[in-house]
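Here's the letter readout for the chains.
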Amino acid sequence: MNRLLWYRFVQYLCATLSLVILRWRATGQRNVPDSGGVLLVCNHVSFLDVFFLGIPLRRTLSFVARSTLFVPVLGALIRSVGGFPIQREGIGAAGMKETLRRLRAGGIVALFPEGTRSRDGQLGSLKPGIAALAARVGVPVVPAGLAGMFDIWPRSRLLPVPHPVRIHYGPPILPDELAGLDTESITALIRARMRESQGEACRALQSDLTY
């Protein structure tokens, strides 16, 4: 099967099943540029996060995944839907090279700057490498937020359970906004925008749950 057709099949299947079981909704998709390289950054709470990030988007999504997941069968499946490996302790030289290649080719690359899943559902500190990457690639950085995923599959639970999910894509941080900023300032800016997007998703989820 053609790779794009396979991606669309998986996207449609995940969207349909999630809509029926989890009642997911997304807002802010227009904040994702229609073309050109985009670095998509999001809070990280479960193994399912990247699938929900890609479901609402018309453009295909690439994403980073820790190298230990690239075992036979699972690794092939991850690669077939746009995933590529990075080291657990950081993006590494090979991961950085592949990220830059995909961004410069005009693709969207999603990553989770916290580097690991949250233990309490809150946005944690970001790895310092995100600032260097954002400054180097020269593409829009789109902050996204997920709400409800911690209720579905926190680190402490063996298997997921149903719960509504909300996704929000915030306004992009343009390269001009990062020009002249030091590493700490870039990291703080990205984290603040991620926090805003997560807040939007949380408010939407709370509003729907109390409606």
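What comes next concerns the included structure. Everything quoted here is computed from the prediction, not taken from an experiment. (Residues numbered from 1 in each chain as written. Predicted model: local features only at pLDDT ≥ 70, side-chain atom pairs only at ≥ 80, totals over all residues. Heavy atoms only, no water.)

Some details on the sheet that holds strand β4 (residues 83–86)
Moving on, step 1. Here seven strands make up an open sheet; going across it, the order is β1-β7-β6-β2-β5-β3-β4 and the pairing mixed. On the outer flanks of this sheet lie β1 (25–27) and β4, each paired with one strand and no other. Between one strand axis and the next, the sheet turns by 25° as a mean value, whatever way the strands run.
Moving on, step 2. Those strands touched by helix α8 (residues 183–210) are β1, β2 (38–42), β6 (141–147) and β7 (166–169), and its axis lies near 35° from that of β6. (Pairing = 2+ DSSP bridges. Helix = DSSP H or I, 4+ residues; strand = E, 2+ residues; numbered from the N terminus. Axes fitted to C-alpha atoms, helices over the stretch in contact; angles between N-to-C directions. Contact = heavy atoms within 4.5 Å.)

Observations regarding the packing of helix α5 (residues 129–137) against α8
Moving on, step 1. Interhelical geometry of α5 versus α8 gives an angle of 95° and a closest axis separation of 8 Å. Overall, the two elements α5 and α8 adopt an arrangement that is roughly perpendicular. Contacts between α5 and α8 pair I130, A131, A134 and A135 from the former with T183, I186, T187 and I190 from the latter.
Moving on, step 2. The class makeup of the residues in the contact of α5 with α8 is six nonpolar, two polar and no charged. (Parallel < 35°, antiparallel > 145°, perpendicular 65-115°, else oblique. Nonpolar A, V, L, I, M, F, W, Y, C, P; charged D, E, K, R; others polar.)

What about the pairing of strand β5 (residues 108–111)?
Moving on, step 1. The alternating pattern of β5 places I108 and A110 on one face and V109 and L111 on the opposite face, and all of these are buried.
Moving on, step 2. In terms of strand pairing, β2 meets β5 through four bridges, oriented parallel. Each residue of the ladder has a partner; that of V38, found in β5, is I108.
Moving on, step 3. Across three bridges, strand β3 (residues 61–66) lies against β5 in parallel orientation. Residue F63 lies in a different strand from β5, and its bridge partner there is A110. (Buried < 20%, exposed > 50% of the residue type's maximum accessible area, 1.4 Å probe, protein only.)

Some thoughts on the pairing of β3
On a regular strand, one side chain projects to one face of the sheet and the next to the other, so that they alternate.
Moving on, step 1. With five of its six residues buried, β3 lies for the most part within the structure.
Moving on, step 2. Here four bridges tie β3 to β4, and the two strands are oriented parallel to one another. The residue of β4 that forms the bridge with F63 is G83.
Moving on, step 3. Crossover handedness for the path β3 to helix α3 (residues 74–80) to β4: right-handed. (Right-handed = clockwise from strand over helix to strand, strands pointing away.)

Some points on the packing of aromatic side chains
Moving on, step 1. Under the counting rule described, the total for this entry stands at two aromatic pairs.
Moving on, step 2. Where F47 meets W153, the ring centres are 5.4 Å apart and the plane angle is 75°; that geometry is what we call edge-to-face. Of the two residues, F47 sits in the loop between β2 and α2 (49–54) while W153 sits in the loop between α6 (149–152) and β7, which places them 106 residues apart along the sequence.
Moving on, step 3. The class of F47 is partly exposed, set by a relative accessible area of 39%.
Moving on, step 4. Between the NZ or CZ atom of R117 and the centre of the ring of F47, over which it lies, the distance is 4.0 Å. (Phe/Tyr/Trp six-rings, centres within 6.5 Å; stacked < 30°, edge-to-face > 60°. Lys NZ or Arg CZ within 6 Å of the ring centre and 35° of its normal.)

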